[in-house]
Amino acid sequence: MSAQVVIVGSANVDLVTRVERIPGPGETVTSESFNVFAGGKGLNQAIASRRAGAVTALIAAVGSDDYARVLVDTVRHEGMDDALLRREPGTTGTAFVTTDATGENNIVIVPGANGLLNRLTESERDQVREADVLVCQLEVPNSVVEDAVTTAREAGTTVVLNPTPVRTVPAAILAAVDVLIVNEHEADQLRVEELRVPCVVTTLGSKGATLQIRGERTVRVPARKTIALDTTGAGDTFVGAFAAEIARGVGYAQAATRANVAASLSVEEHGAVPSIPTRQAVDEALGLERVEN
Ligand code: RIB
């Protein structure tokens, strides 16, 4: 079965430590806990899409070290095909994540195998062509993002770009984007109001989100009250859940509303992948009865 949502992006192993307060330069603090989780923006978004109910494929790269196995097992466990995970010699992408008592975090990334994902193969391009929605982020080289988005554009696959970690996005990539999803800092840094993208979704953390379709008025997506334990992966949860919704044919505003609820649930638990909610959990938070399909 071809995937409804294809994600081209990073897969990391997250080495997560929890501290009361994130240390400043030259300062040492003692950690309260340490965990190893599957992560990476591509993998997190793929799991969010999958748990939201979409048939999802992840095109990514892992290394030849022991951490690769953690990521391969996670992909399989979530019901996705690990055949699209390339095995490269060397280290798997690694993220050093520090979270504090307020739920905030800082992250240092070692790209490892993610940096070797330069181009798609012809069969990977076919996956993109057959999908309803393609999602990319920027933890992999621009060359593979450009390859994926231009392939999608030519085939009529909807392109969602989450331009994070933020850097200047080449014009050839932007020209192929249907929906740009940014947080408020990225919106400022990229001056999104000057970009000619058909739809911009800006996530605002505890304040919800906005959705701007070019030439139309801004739609406000309401916030859901929550107590944030760990915000790691909340943006990825939003992106994956949004992609799954639009792949089902749901309109952008309604998709953003549901994605926002999914993201708000994800901050209530620790870790990126462990906290991504299922479709059922989002239905329950929305007060909906579960509908099987
Ligand atoms: O967005 C959260 C993710 O950023 C983490 O899982 C980490 O791997 C980094 O890529």
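Remember, predicted model here, so these are calculated numbers, not experimental data.

K.L.:
Quick rundown of the overall build of the protein? Include the residues and the values.
P.N.:
Looking only at helices and strands, one finds 9 helices and 13 strands in the protein. The C-alpha radius of gyration of the protein comes to 18 Å, within 12% of the 19 Å expected for a compact globule of 293 residues. Each principal axis of the C-alpha atoms in the protein carries an extent, and together these give about 50 × 45 × 40 Å. Looking at the protein residue by residue over its 293 residues, the buried ones come to 53%. The contacts in the protein between residues at least 6 apart in sequence include a share of 63% that link residues at least 24 apart. When the accessible surface of the protein is split by element, carbon and sulfur atoms take 51% of a total near 13000 Å². For the protein, the separation between the mean place of its 26 positive charges and that of its 38 negative charges on side chains is 4 Å.

K.L.:
I'd like to hear about the pattern of salt bridges, residue by residue, with values.
P.N.:
Across all of its chains, the model carries 18 salt bridges by this definition. Residue Arg 258 pairs with Asp 283 through a salt bridge whose shortest N-O separation is 2.8 Å. Of this pair, Arg 258 sits in helix α8 (residues 252-266) while Asp 283 sits in helix α9 (residues 279-285), and the two are 25 residues apart along the sequence. Residue Arg 258 is classed as buried on the basis of its relative accessible area, which comes to 11%. Here the salt bridges do not stand alone but share partners, grouping Arg 119, Glu 122, Arg 125, Asp 126, Arg 129 and Asp 147 into one network.

K.L.:
So what about empty space enclosed by the protein? Which residues, and what values?
P.N.:
Tallied over the entire structure, the rule returns 2 cavities of 30 Å³ or more. By volume, the largest cavity is sized at about 60 Å³. Around the largest cavity sit 13 residues that line it, and Ala 52, Ala 241, Ala 262, Pro 277 and Val 282 are the ones nearest its centre. The set of elements that each furnish at least two residues to the lining of the largest cavity consists of α1 (41-51), α7 (234-247), α8 and α9. Ranked by the residues each element gives to the lining of the largest cavity, the list is headed by α7, at 3 residues. Of the residues assigned to the lining of the largest cavity, the class counts are 7 nonpolar, 2 polar and 4 charged. Of the voids in this model, the second largest cavity is the one considered here, and its volume is about 50 Å³. Lining the second largest cavity are Val 16, Thr 17, Arg 18, Ser 33, Asn 35, Phe 37, Thr 99, Asp 230 and His 270. For the lining of the second largest cavity, the secondary structure elements donating two or more residues are β2 (12-18) and β3 (33-39).

K.L.:
Break down helix α2 (residues 67-77) for me, with residues and values.
P.N.:
Those residues of α2 lying buried are Ala 68, Leu 71, Val 72, Thr 74 and Val 75. The buried residues of α2 occupy an angular sector of 160 degrees when projected down its axis, which confines them to one face. Positioned one or two residues after α2, Gly 79 has a phi angle of 85 degrees, which is positive.

K.L.:
Any details on the side chain of Glu 186? Residues and values, ideally.
P.N.:
In this fold, Glu 186 is placed in helix α6 (residues 184-190). Although Glu 186 is buried, it forms no salt bridge, and the closest oppositely charged side chain is Lys 41 at an N-O distance of 6.7 Å. Filtering out sequence-adjacent residues up to four positions away, Glu 186 remains in contact with Asn 162, Pro 163, Thr 164 and Val 166.

K.L.:
Residues and numbers for the layout of surface pockets, please.
P.N.:
By volume, the largest pocket is sized at about 1200 Å³. The greatest single-element share of the lining of the largest pocket, amounting to 5 residues, is contributed by α7.

K.L.:
Please give an account of the sheet that holds β3 that cites residues and values.
P.N.:
What the 4 strands build is an open sheet, ordered β3-β2-β6-β7; its pairing is mixed. Across the chains shown, the open sheet's two edge strands, defined by having one partner strand only, are β3 and β7 (105-110). Strand-to-strand twist in this sheet, taken as the mean axis angle between neighbours without regard to direction, amounts to 20 degrees. As paired elements, β2 and strand β6 (residues 93-99) share 7 bridges and run parallel to each other. Note that in β6 the partner of Asp 14 across the bridge is Ala 95.

K.L.:
Give me the packing of aromatic side chains: which residues, what numbers.
P.N.:
In the structure shown here, the tally under the stated rule is 2 aromatic pairs. Centroid distance Phe 242 to Tyr 252: 5.9 Å. Interplanar angle 40 degrees. Geometry classified as tilted. With a gap of 10 residues between them, Phe 242 in helix α7 and Tyr 252 in helix α8 connect regions that are remote in the sequence. A relative accessible area of 0% means that Phe 242 is categorised as buried. Pairwise contacts between aromatic rings join Phe 238, Phe 242 and Tyr 252 into one cluster.

K.L.:
Can you tell me about the nonpolar core, naming the residues and giving the values?
P.N.:
Grouped together as the largest cluster of nonpolar side chains are 48 residues, with contacts concentrated most on Phe 238 and Phe 242. At 8 residues, the largest contribution of residues to this core is made by α7.

What counts, and at which threshold
- Residues numbered from 1 in each chain as written.
- Predicted model: local features only at pLDDT ≥ 70, side-chain atom pairs only at ≥ 80, totals over all residues.
- Heavy atoms only, no water.
- Helix = DSSP H or I, 4+ residues; strand = E, 2+ residues; numbered from the N terminus.
- Rg over C-alpha atoms; globule rule 2.2 N^0.38 Å.
- Buried < 20%, exposed > 50% of the residue type's maximum accessible area, 1.4 Å probe, protein only.
- Contact = heavy atoms within 4.5 Å.
- Areas by Shrake-Rupley, 256 points an atom, 1.4 Å probe, with all protein chains shown as cover.
- Lys, Arg positive; Asp, Glu negative; His and termini not counted.
- Charge placed at Lys NZ, Arg CZ, Asp CG, Glu CD.
- Salt bridge = Lys/Arg side-chain N within 4 Å of Asp/Glu carboxyl O.
- 1 Å grid on protein atoms, 1.4 Å probe; cavity = no way out; pocket = protein on both sides within 12 Å on 5 of 7 lines; lining within 4 Å.
- Points joined across faces, edges and corners; volume = space filled by probe spheres on them.
- Nonpolar A, V, L, I, M, F, W, Y, C, P; charged D, E, K, R; others polar.
- Arc of directions from axis to C-beta.
- Pairing = 2+ DSSP bridges.
- Axes fitted to C-alpha atoms, helices over the stretch in contact; angles between N-to-C directions.
- Phe/Tyr/Trp six-rings, centres within 6.5 Å; stacked < 30°, edge-to-face > 60°.
- Core = buried A, V, L, I, M, F, W, Y, C linked by side-chain atoms within 4.5 Å.

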